[in-house]
Amino acid sequence: MPPSKKILLVDDNPLVLEMMAKALSKEGFKCLKAISANAAMLVLKQHTPDVILSDYHMPDIDGFAFRQLLIDEPAYRDIPFMFLTSEADNQVMLAGVNMEAIDYILKDTPVPVIVTKINNFLTAVHEQHQRSVQELSRAASALNLHSVPKALPVVKDFEVDFWHKPFQDYPGGDFIDFIKVSERYTFIVLGDVMGKKWGAWFFSFGYLSYIRAAVRICIAEEDFSTKSILQKINNVIFHDPVVSDVLSSLSLVLIDADTAMVTYSGAGDLPLLHYDCNSKSLSKVQSSGMLLGLMQDGSFDEQTINLNAGDKLFMFTDGLIDYEDADGKKTDYALFESELSPYLSRPFAEFKQSEFISSIIAAHIDDCSLIYIEKT
Amino acid sequence: MTIIADVHSNAVVANIQPAEANLTVADSFKTELNTLVDEGYKYLVVSFDNVVYVDSSFLGALVSSLKYAISNKAEIVLSGLNKDIQNLFGLIRLDKAFKIYPTTTAALSAL
């Protein structure tokens, strides 16, 4: 994944602002512009740049006072900050760098040098970030903690596959599990703990443990109802102070390989998509259940879907319906449906290679998970 | 400051400030909203007038505050959801957890 290159330029001179924005845009930067410190603070309410490049000499609030405002605000303090100014006085430069600025660049520096400096900095940050994530992932792996399975289940007359991409390559809040009870019954679990990165990832194990336990208890009691399982999980989570403050969605599907019937219950999850090969139609399968832990009575229901050869079911989390265009981020379930449509009669591997999936990876807005079930 | 509170005689309106209500503001939003519950308000209108996008972290914070409000015998209602957000609430059944009004005025007059 290339480093993200969103930059906030702050300068009271509109010409300098335009010139820098033009030069940086050419190098692949997404530029946000602010004509004053106050304007920059407004931009920051809506955007989080990867780096801020600010002038020193500005009326009202100068560059130092602006830097101090950012340092005083915990949400902005850690955004890397560079001064770009014509002020060449050594004392001023030293004072600037001492304000936790990563660089102090003079305006007469050739533009390609400025661009290279910013690029080098972002690449170094990105590499360090990747190394940290890799180290933590290795630690998690050593503890044998996985929130997505390492292997696909083998189910008679079914193909089950999945695609998963964590948010910015951190392990995140999405979790997937395949619980093969017997040759006949296989449970498919897809959950999304509401959060991102490590916090959500940690809780995803708590949820997975509850879910695995509930499934096993129900099996021991010969209760194969997905609704019963969700009720059991919800009841425990609702009363558990450790996880009750963290909400999770869950889609639970039971495949009965003997009858080719699929049973589904959901908790605050996105509707599944069901492709009927015979009529070549795609329809939503929506459950009534609320997010796990939200209400004591989760209003769960259970639906049975009879799958014929070529029929498919798609289970997915919200990362697949979020996208970003020129106007900002949006949520659009219908867009995912329309992007999936051309691939319905094609192998899942082709959809995984599609432009849409590439764009989702490039946007990396949230954890993304998609489970594919086909009756062969 | 993720929300600006606007106090009415028997209610408080919490105006979400960021256009993008996401992970970076989810915790402060929850803390600020829960503080309003602690201050004794029993009817809280969360206004989404400024919001164009919510992520699941923010929804988690909102729902967590709802649980906190319920346990304190307070009610949280929502107003001003744009079409995308309204659709999302319908898809994941959050429209059953919250009363949703088109405007803050409608939410206040429903009290």
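The name given to chain B in an unreviewed UniProt entry is STAS domain-containing protein, with the source organism recorded as Mucilaginibacter pallidiroseus.

As annotated in an unreviewed UniProt entry, chain A carries the name Fused response regulator/phosphatase and comes from Mucilaginibacter pallidiroseus.

Caption draft 1: How the structure looks around the interface of chain A and chain B. Chain A puts 28 residues into the contact, and the matching count from chain B is 24 residues. Put simply, the parts of the chain that give the side of chain A that touches chain B at least two residues each are helix 2 (37-46) and strand 16 (328-331) of chain A. When residues of the side of chain A that touches chain B are assigned to their parent elements, the largest contribution, four residues, is made by strand 16 of chain A. Of the residues belonging to the side of chain A that touches chain B, the class tally is 10 nonpolar, eight polar and 10 charged.

Caption draft 2: View of the domain arrangement of chain A. Taken domain by domain, chain A holds domain 1 (6-140) and domain 2 (145-375). Centre-to-centre separation of domain 1 of chain A and domain 2 of chain A, based on C-alpha positions: 41 Å.

Caption draft 3: How the structure looks around the UniProt feature "domain: Response regulatory" (unreviewed entry) in chain A. Per the UniProt entry, the sites bearing "domain: Response regulatory" (unreviewed entry) are residues 6-122 of chain A in this numbering. Secondary structure across residues 6-122 of chain A divides into 49% helix and 20% strand, with the first and last C-alpha atoms of the span separated by 10 Å.

Caption draft 4: Molecular detail of the sheet that holds strand 6 (residues 158-165) of chain A. All names here are of chain A. Read from one edge of the open sheet, five strands run 6-17-14-11-12, paired in antiparallel fashion. The sheet is open, and its two edges are formed by strand 6 and strand 12 (281-285), each paired on a single side. Averaged over all neighbouring strand pairs, the angle between strand axes comes to 15 degrees, with direction disregarded. Across five bridges, strand 11 (residues 272-276) lies against strand 12 in antiparallel orientation. Among the inter-strand pairings, Asp-276 is bridged to a residue of strand 12, identified as Ser-281.

Caption draft 5: Here's a closer look at unusual backbone geometry. The phi angle at Glu-222 of chain A is positive, at roughly 55 degrees, despite the residue not being glycine. Here Glu-222 of chain A shows up in the loop between helix 7 (197-220) and helix 8 (226-239). Notably, Lys-73 of chain B is not glycine yet its phi reads approximately 55 degrees, a positive angle. Take Lys-73 of chain B: it is sitting in the loop between helix 2 (56-71) and strand 6 (75-79). For Lys-73 of chain B, a count of 8 C-beta atoms within 10 Å corresponds to the exposed category.

Rules used in this analysis
Residues numbered from 1 in each chain as written. Chains lettered and ligands numbered in written order. Predicted model: local features only at pLDDT ≥ 70, side-chain atom pairs only at ≥ 80, totals over all residues. Contact = placed C-beta atoms within 7 Å. Helix = DSSP H or I, 4+ residues; strand = E, 2+ residues; numbered from the N terminus. Nonpolar A, V, L, I, M, F, W, Y, C, P; charged D, E, K, R; others polar. Domains from an automatic or database assignment. UniProt positions renumbered as here; feature names shortened; annotations may be inferred. Pairing = 2+ DSSP bridges. Axes fitted to C-alpha atoms, helices over the stretch in contact; angles between N-to-C directions. Buried ≥ 20, exposed ≤ 12 C-beta atoms within 10 Å, placed from the backbone.

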